[in-house]
There are 2 protein chains.
Amino acid sequence: MSNVNPVKGTHDVIGFEADAYAYIEHVFSQVAYSFGYDRIVTPIFEHTEVFDRATGESSDVVRKEMYTFLDKGDRSLTLRPEGTAGVMRSIVTNKLYVTPDLPLKLFYSGTMYRYERPQLGRFREFRQIGVECVGEDNPYIDAETIALAMRILQSLGFQGLKVKVNTLGDKASREAYKKALREYFAPRIDDMCEDCHQRLVLNPMRILDCKVPQDQEMAKSAPRMGEFLSEESKQRFKKTLSLLDDLDIDYEIDDGLVRGLDYYGEVVFEIHCLSHLGKDYGAICGGGHYEGLLSTFGGPSDIDVGVGFAMGVERIYSLMLDFDLLYDVRRDADLILMPMGEDALREAFALSDALRSLGYTVEAPYRQGKLGPLFKRAERKRAKYAIIFGEEELKQHVYQVKDLKEETQETVSVTDLPSYLEGHLVDEGEDEGE
Amino acid sequence: MSNVNPVKGTHDVIGFEADAYAYIEHVFSQVAYSFGYDRIVTPIFEHTEVFDRATGESSDVVRKEMYTFLDKGDRSLTLRPEGTAGVMRSIVTNKLYVTPDLPLKLFYSGTMYRYERPQLGRFREFRQIGVECVGEDNPYIDAETIALAMRILQSLGFQGLKVKVNTLGDKASREAYKKALREYFAPRIDDMCEDCHQRLVLNPMRILDCKVPQDQEMAKSAPRMGEFLSEESKQRFKKTLSLLDDLDIDYEIDDGLVRGLDYYGEVVFEIHCLSHLGKDYGAICGGGHYEGLLSTFGGPSDIDVGVGFAMGVERIYSLMLDFDLLYDVRRDADLILMPMGEDALREAFALSDALRSLGYTVEAPYRQGKLGPLFKRAERKRAKYAIIFGEEELKQHVYQVKDLKEETQETVSVTDLPSYLEGHLVDEGEDEGE
């Protein structure tokens, strides 16, 4: 019965992992707020044309990997494969660019969809967090966006981060470079993959991104972008790098770094995470400067620039697990109620409601039971205190309060319980923000 | 150019509204945690059969309103129309029921999809928060679930909440009731809507949910559930109500309240919000007890009971706006930097990064400008303090710090700035939790 399974390439996220995703999203949004960013949430699907337009000429290649379907009104809809196109469409739809406060600074977080062969760590439904800074254009903005990505990852606890950065120059620089690449690859193309044949025609810079080993080998001796840069682009890149120096951000120039989509230009970057032995865990963030996206949706062309980045949440989660950075996520129960007898069970019902309204996480049984299983449950839920009471305690208006770590027990009167707990749980109690 | 618009029935959520949704979700999850619930996130689409099975016989009626499509592997997939079916499928897929800690207590939050005629306040992409408490079954659990819904809404600031509650009894009670309803409606059905013709055959209790005015009129004199209840169901309902009394939860029995889906039984409820003049704003939460859902996915039948509820986030947001409950959501900038001259602009770049890393929300310009426009921007961003500096201040290692509310200004040395800000912003600074 295959249908009790989630659809191939999707998976359920439960308990700790789900809390971790929420934690990553929370830290991300707090740092983005501090940089003056606003939250944006676009729909999970768009008219297919939105993604065709954003990805440009290469839509055939991209469309193979999209979840495209017809709705009941015969519209071609597509589940978003990434976040940028929807945000750009939304800026135009809602005329967000009509503001004295350019650049627009928007952050998003959500699920994305790609119909690819499922592989280890690659899902058809996956989560991205990202930002777009749109409508103004200069090295301060480029450097601040790279800094934002770094500060987010540092706030999550990552160490050993390294920015790999490159410049794709302005349009004229790129055209000159593409010409040189075509001349270099044309005599070699017969030995290269099908997709690269197409890339040679549409945008030879994409060949440099090809994942096929022999094509990567071929690309190693290809001409480098740096030789084709205009003086202006060089100066701009230099300024961006010196601003990164101001912030003590560790970077290295990687002139093999090209982001293949047609709309990228000027600065592009990735953030890599290195172990203390220097092992590179790969890129956990990718981004760059882009041009011309607003006008593909009918937006204004005079402010049609931006810079942004995206990060994969599943990837961040898996690295945080490896590096043991998720200790803030685990939720322990504050209290477990252990009523003995029917009257105490009923008393526990009202008591748990009252204690929860004070902000405590409370475990309580729904039927009469023995103390043994309740203490086992207390262990599983990592409860800090047990509140034990039966007929005798009810009569005397007291509870037995047991510190489950220290293994000590005190008798506390009903009226004193809130202040008793406040005194004993206050140290640890303030991690409720998450 | 229709394609720069979001797809019909979907909409972009930006800035304050997006923050409000995140706030509602955050409060919801905090209260759910305190009740011992775990977070679950299921995929946005499932095999269509998942929803067919969960909704049972009536799938024809339901399917009309579903976003169903074929993927590239010719699988019939459906964007989830509600949250319960996916959670039940996930409990079975992941064998979550194999635990000593029944009932399972799971909460979810996410977008749902229904292909209906768009109406005021009704979207094809909409957000729900909800819980499922699965695998054990008694009045304590029913009452606690109703209490949880109340505590969530109260934590959001709602007042004047009233629970409408009813019992649908056990299976035998419902069969007897359905028989009586068939006898009552059969001679009247010719005057009723198309859908009700089908409902009469499949499940006549659904007729009572019909929104067509003349059908509602007809339903007013129909037999009531109460006459057909078994003694056991009566006692169980009575216990549930007395537990609600223990928690001072305001409820009223509404014997017209039936939830039409086949799997509901025993207690069902809605939470309504009343104005202080008694005006009913309608149901903002609906839920109830259900049976048989796990086994439709191949799960165990001996623990196949649950109780849950769902709330519409758009509806909650719109009421919170009306009742002015969103004052915690507005984010003001803490600081705006006002550098005068190129050197100060560059200094501001590093300063803004340092202040943001201390947790402050900082606005800063990316190019040289005049003070006038910066003060206007400070107003738009509701900045609390302006930090003003030019050549002279750089030379003397000081900043001019202006309290924008009090209109006072002080000279603060570079090294003293962090402690100065901590002293002045600390009162208001601690709403960072959101």
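Residue numbering note: each chain is counted from 1, following its sequence as written. Whichever chain is written first is A, and whichever ligand is written first is 1; the rest continue in order. Under the rules for a predicted model, residues below a pLDDT of 70 receive no local features and side-chain atom pairs below 80 are neither given nor counted, while totals for whole chains, interfaces and linings still include all residues. Note that the side-chain values use all heavy atoms of the structure and ignore hydrogens as well as water.

**Digging into the pairing of strand β11 (residues 280–291) of chain A**
Residues and elements named next belong to chain A. In plain terms, the rule: Strand pairing requires that DSSP identify at least two bridges connecting the strands. Here a strand is any run of E in DSSP of at least two residues, a helix any run of H or I of at least four, and the numbering for each starts at the N terminus.
The pairing of strand β10 (residues 264–274) with β11 spans 8 bridges and is antiparallel. Paired with F269 across the two strands is G287, which belongs to β11. One ladder, built from 6 bridges, connects β11 with strand β12 (residues 305–312); its direction is antiparallel. Its bridge partner being in β12, G287 is matched across the sheet by F309.

**Focus: the environment of B:K376**
Along the chain, B:K376 turns up in helix α13 (residues 371–380). Taking the C-alpha atoms as reference points, B:K376 and B:D343, separated by 33 residues in sequence, lie 23 Å from one another.

**Side note on the domain arrangement of chain A**
We apply this condition: Domain delimitation in this document rests on an assignment produced automatically or drawn from a domain database.
Each domain of chain A was delimited in the assignment, giving domain 1 (16–170 + 230–327) and domain 2 (332–433). Measuring from the centre of the C-alpha atoms in domain 1 of chain A to the corresponding centre in domain 2 of chain A gives 47 Å.

**A short note on empty space enclosed by the protein**
Residue and element names in this part refer to chain B. Put simply, the rule is: Only protein atoms enter the 1 Å grid used here, on which a cavity is any set of points holding a 1.4 Å probe that cannot leave and a pocket is any open set flanked by protein within 12 Å on both sides along at least five of seven lines; residues with an atom within 4 Å of a point are listed as lining. Grid points are joined across faces, edges and corners, and a volume is the space filled by probe spheres set on the points. Three categories are distinguished: nonpolar for Ala, Val, Leu, Ile, Met, Phe, Trp, Tyr, Cys and Pro, charged for Asp, Glu, Lys and Arg, and polar for the others, with Gly belonging to the last.
For the structure shown, the criterion picks out 4 cavities of 30 Å³ or more. Roughly 80 Å³ of volume is contained in the largest cavity. Every residue along the wall of the largest cavity is listed here: I40, V41, T42, R80, E82, G83, G86, V87, Y108, S109, G110 and M112. The element best represented in the lining of the largest cavity is strand β6 (residues 104–113), accounting for 4 residues. Class assignment of the residues belonging to the lining of the largest cavity gives a composition of 5 nonpolar, 5 polar and 2 charged.

**Focus on the pattern of salt bridges**
It is possible for side chains of opposite charge to pair when their charged atoms get near one another. Residue and element names in this part refer to chain A. Put simply, the rule is: Just to be clear on terms, a salt bridge is a Lys or Arg side-chain nitrogen sitting within 4 Å of an Asp or Glu carboxyl oxygen. Here's how the labels work: a residue is buried when its accessible area is under 20% of the maximum for its type, exposed when over 50%, partly exposed in between, all with a 1.4 Å probe on protein chains only.
Per the counting criterion, the structure on display carries 65 salt bridges over all chains. Between R331 and D19 there is a salt bridge whose closest N-O contact spans 3.2 Å. Remark: D19 occurs in helix α1 (residues 16–34) and R331 occurs in the loop between α11 (313–322) and β13 (335–339); sequence separation between them is 312 residues. Judged by relative accessible area, which is 24%, R331 ranks as partly exposed. Note on D19: relative accessible area 8%, which makes it buried.

**Some words on the relation of the copies chain B and chain A**
What relates the two chain copies is a rotation about an axis together with a slide along it. The condition that has to hold: The least-squares superposition of copies is restricted to C-alpha atoms, and to residues with a pLDDT of at least 70 in both copies.
The transformation that overlays chain B on chain A combines an axial shift of 0.0 Å with a rotation of 180 degrees, and the residual RMSD is 0.1 Å. Here the transformation between the copies is reduced to the relation of a two-fold axis.

**Regarding the sheet that holds β12(A)**
Reading across the sheet, the 9 strands line up as β9(A)-β8(A)-β10(A)-β11(A)-β12(A)-β7(A)-β6(A)-β2(A)-β1(B) and stay open at both edges, with mixed pairing between neighbours. Bordering the open sheet on either side are β9 (251–253) of chain A together with β1 (13–14) of chain B, each of which pairs with just one other strand. In this sheet, β1(B) lies alongside strand β2 (residues 38–41) of chain A in antiparallel orientation, the contact comprising 2 bridges. Directly across from A:V41, in β1(B), lies its bridge partner B:V13.

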